[in-house]
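Okay, here's what each chain looks like letter by letter:
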Amino acid sequence: MATIHIDTATRQGRISPEIYGHFSEHLGRCVYEGIFVRPDSGIPNENGMRRDVVEALREIRVPVLRWPGGCFADEYHWRDGIGPRESRKRMVNTNWGGVVEDNSFGTHEYFELCRQLGCKTYVNGNVGSGTVREMSEWVEYMTFGGVSPLAELRAQNGHPEPWRVDYFGVGNENWGCGGNMTPEYYADLYRRYQTYVRQYDPAAPIAKICGGPNVDDDNWTRRVLQTCYARPHPPEDFHGFMDGLSLHYYVHPGGWDHKGSATDFSPEEYYATMKKALWMEELIKLHGGILDQYDPEKRIGLMVDEWGAWYDVEPGTHPGFLYQQNTMRDALVAAVTLNIFNRHCDRVKLACIAQMVNVLQSVLLTEGPRMVRTPTWYVFHMYRRHQGAQLLDARVEGAGTADGGLPALHASASLDETAGAVTVTAANLSLTQAQDVTVQLGGAFVDRGQGALLTGDVHSRNTFDEPDMVREEKLDVMGVGPLVKVRLPACSVASVRLELA
Ligand code: AHR
């Protein structure tokens, strides 16, 4: 019998909604087909955006969307993607399959998508192969509301009003596909490029995100911060040249060269995957610890703007398109990762699962006019009420370990102060043992409890022929008062909403 002790008296900080963010790159069938379709495609759409996809994404309250890459960002030249579609440049997508990129989805289309989703914007600039001027003019094009050549060009292209850019990434993976730079070289470039990311509207500041480390490369973090956190003549509120430092971490169960199948895996591979997913916590502590030395007030966010499980592509699909299926294993990866982000919400201010549709650990898969919600989609749905809530301490006791030495139960909890309700999310990582769980509330009483459950064989998944093999069910929440009880089957994710008396 396991207990989750929740301390309702101590708020541990606000869970930034942007922790539940997404990433969409010009890669494979993510943007094209997955989100954006041609008017003559026969697929219902609004201004090119698939209605089914937008509706499913609105249900999980997508808070922010990062675009256009990824590696693609450092070869993207934004002027190619504006103006009449028929005269936009056709280019080769060198990073992803060498296919033709016709630039029919560009800046205007991205902001239209975010409008339909009702989400914040995160645009990633090009440092690897673009100039300072190009980046600076893109920012002017997007955000300047006065009289200027770029604002005029935007108006000529149909959008007189400036848009709001909430986050701007200055390069992507500049240690790798973004230019193979040393940390020292990138740090100098970062200082220079970010200078020209102008804040045209003081009421709508752009948060600048500095390119961060690959996985556990703490040398990159240290060296970049040494240069970019400098305080030459700091005004009172000056906190370096950045608002966020990015971190990328993908779970490859067998390592980069042996990622393995997304659907056909052994229990050992499952446990190896979960062990790697849990390692996210150590990475946050590692890079967060370095950030603490510069920024103990935690004003700079650690932005985990690419995360997820990365397996071999589905057999028979284009190797450069990174299309993979999604099983209950992925639901558990998402559940523990989101619990970890919640628990570190003092430092993790934004995160983007990679990627939103049809690429890597997607929440949605499409095939022609058909769409399925993956098990990962359901986890985002079950966790949506953590967005903007106050983190509570949730201590798991007595759950023991699952095979492979993993903690059997993994949880986080938050308080929605407006609704007077606690949300508890938990994952049972064992493939064989159910858990009877008592949720014990210190200092509060439950008036009413409701729950949702996602469970099934670890290999189960949703396909276009069987789209509802894995889906959210009702979870019985027993009892009221200072404690409630739930039963979590092996290999399951649960979400419990407790309305307080
Ligand atoms: O998400 C796929 C790729 O992974 C991104 O383009 C890149 O940033 C990372 O290496």
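Preceding block: the structure.
Within the protein chain, the regular secondary structure consists of ten helices and 25 strands. Over its C-alpha trace the protein chain gives a radius of gyration of 22 Å, about what one expects of a compact globule, namely 23 Å for 501 residues. A principal-axis box enclosing the C-alpha atoms of the protein chain has dimensions of 65 × 55 × 45 Å. Residue burial in the protein chain is summarised as follows: out of 501 residues, 61% are buried. In the protein chain, the proportion of contacts linking residues at least 24 apart, taken out of those at least 6 apart, comes to 76%. Counting only carbon and sulfur atoms, one obtains 49% of the accessible surface of the protein chain, whose full area is about 19100 Å².

Another aspect to go through is the site of the ligand. The immediate surroundings of the ligand are formed by 13 residues, with Glu 25, Cys 71, Glu 173, Tyr 250 and Glu 306 found nearest. Cys 71 is positioned with one of its backbone polar atoms (N or O) 2.9 Å from an oxygen atom of the ligand. The side chain of Glu 306 places a nitrogen or oxygen atom 2.8 Å from an oxygen atom of the ligand. For the ligand, the protein covers 93% of the area, taking 280 Å² as the surface of the free molecule. Looking at side-chain class alone, the shell around the ligand contains seven nonpolar, three polar and three charged residues.

This part covers the pairing of strand E15 (residues 370–373). Relative to E15, strand E14 (residues 364–367) runs antiparallel, the two sharing four bridges. Paired with Thr 366 across the two strands is Met 371, which belongs to E15. Between the end of E14 and the start of E15, which pair antiparallel, lie two residues, with Gly 368 showing a positive phi angle near 55°.

As a further point, take the sheet that holds strand E10 (residues 207–210). Spatially, E2-E5-E8-E9-E10-E11-E12-E13 is the arrangement adopted by the eight strands of the closed barrel, whose pairing is parallel. Direction aside, the axes of adjacent strands within the sheet are offset by 25° on average. Direction of pairing for strand E12 (residues 301–309) relative to strand E13 (residues 348–354): parallel, over a ladder of four bridges. Note that in E13 the partner of Met 303 across the bridge is Leu 350.

A cis amide bond, omega 5°, links Trp 67 with the succeeding residue Pro 68. One can find Pro 68 in the loop between strand E5 (64–67) and strand E6 (91–93). The backbone of Val 215 sits at a positive phi, close to 50°, despite the residue not being glycine. Structurally, Val 215 is set in the loop between E10 and helix H6 (218–228). Its identity as a non-glycine residue notwithstanding, Leu 322 has a phi of 50°, on the positive side. The buried category is assigned to Leu 322, whose relative accessible area is 8%.

Throughout the structure, instances matching the rule amount to 27 aromatic pairs. Centre to centre, the rings of Phe 111 and Trp 163 are 4.5 Å apart; their planes meet at 5°, and the pair counts as stacked. Residue Phe 111 is found in helix H2 (residues 107–117), and its partner Trp 163 is found in the loop between helix H4 (149–156) and strand E9 (167–170); the two are separated by 52 residues along the sequence. With centroids separated by 6.5 Å and ring planes inclined at 45°, the aromatic side chains of Tyr 141 and Trp 163 adopt a geometry described as tilted. Here Trp 163 lies in the loop between H4 and E9 and Tyr 141 lies in helix H3 (residues 132–143), a separation of 22 residues in the sequence. Take Tyr 141 and Trp 163: they sit in the same class, and that class is buried. The lysine or arginine in question, Arg 66, covers the ring of Phe 23, its NZ or CZ lying 4.6 Å from the ring centre. Above the ring of Phe 265, the side-chain terminus of Arg 329 is found at 3.7 Å from the ring centroid.

Conventions and cut-offs
Within every chain, residues take consecutive numbers counted from 1 along the sequence as written. Local features are withheld for residues below a pLDDT of 70 in this predicted model, meaning they are given only at 70 or higher, and side-chain atom pairs are given and counted only at 80 or more; totals for whole chains, interfaces and linings count all residues. Side-chain descriptors were evaluated using all non-hydrogen atoms of the structure, hydrogens and water having been removed beforehand. Where helices and strands are cited, they refer to DSSP runs of H or I of at least four residues and of E of at least two residues respectively, numbered from the N terminus. We compute the radius of gyration from the C-alpha atoms alone; for a globule the expected value is 2.2 Å times N to the 0.38, where N is the number of residues. For every residue, the accessible area (1.4 Å probe, protein chains only) is compared with the maximum for its type, and the residue is labelled buried under 20%, exposed over 50%, or partly exposed between those bounds. Contacts are residue-level and defined by heavy atoms, with any inter-residue pair within 4.5 Å sufficient. Accessible areas in this description were obtained via Shrake-Rupley with a 1.4 Å probe; residue shielding takes into account the shown protein chains only. A cutoff of 4 Å decides nearness: a residue is near a molecule or strand if any of its heavy atoms lies inside that distance of it. Any pair of nitrogen or oxygen atoms within 3.5 Å is treated as a polar contact; in protein, a donor-acceptor pairing is required on top of that, and neighbouring residues in sequence qualify only through side-chain atoms on both sides. Classification used: nonpolar for Ala, Val, Leu, Ile, Met, Phe, Trp, Tyr, Cys and Pro, charged for Asp, Glu, Lys and Arg, polar for all others including Gly. Think of it this way: DSSP has to see at least two bridges between two strands before they count as a pair. Axis definition: a line fitted to C-alpha atoms, limited for helices to the stretch in contact. Angles are taken between N-to-C directions and run from 0 to 180 degrees. Between rings of Phe, Tyr and Trp, where Trp is taken as its six-membered ring, a pair exists when centres lie within 6.5 Å; planes separated by under 30 degrees are stacked, by over 60 edge-to-face, and by other angles tilted. Whether a charge lies above a ring is judged from NZ of Lys or CZ of Arg, which has to be within 6 Å of the ring centre and within 35 degrees of the ring normal.

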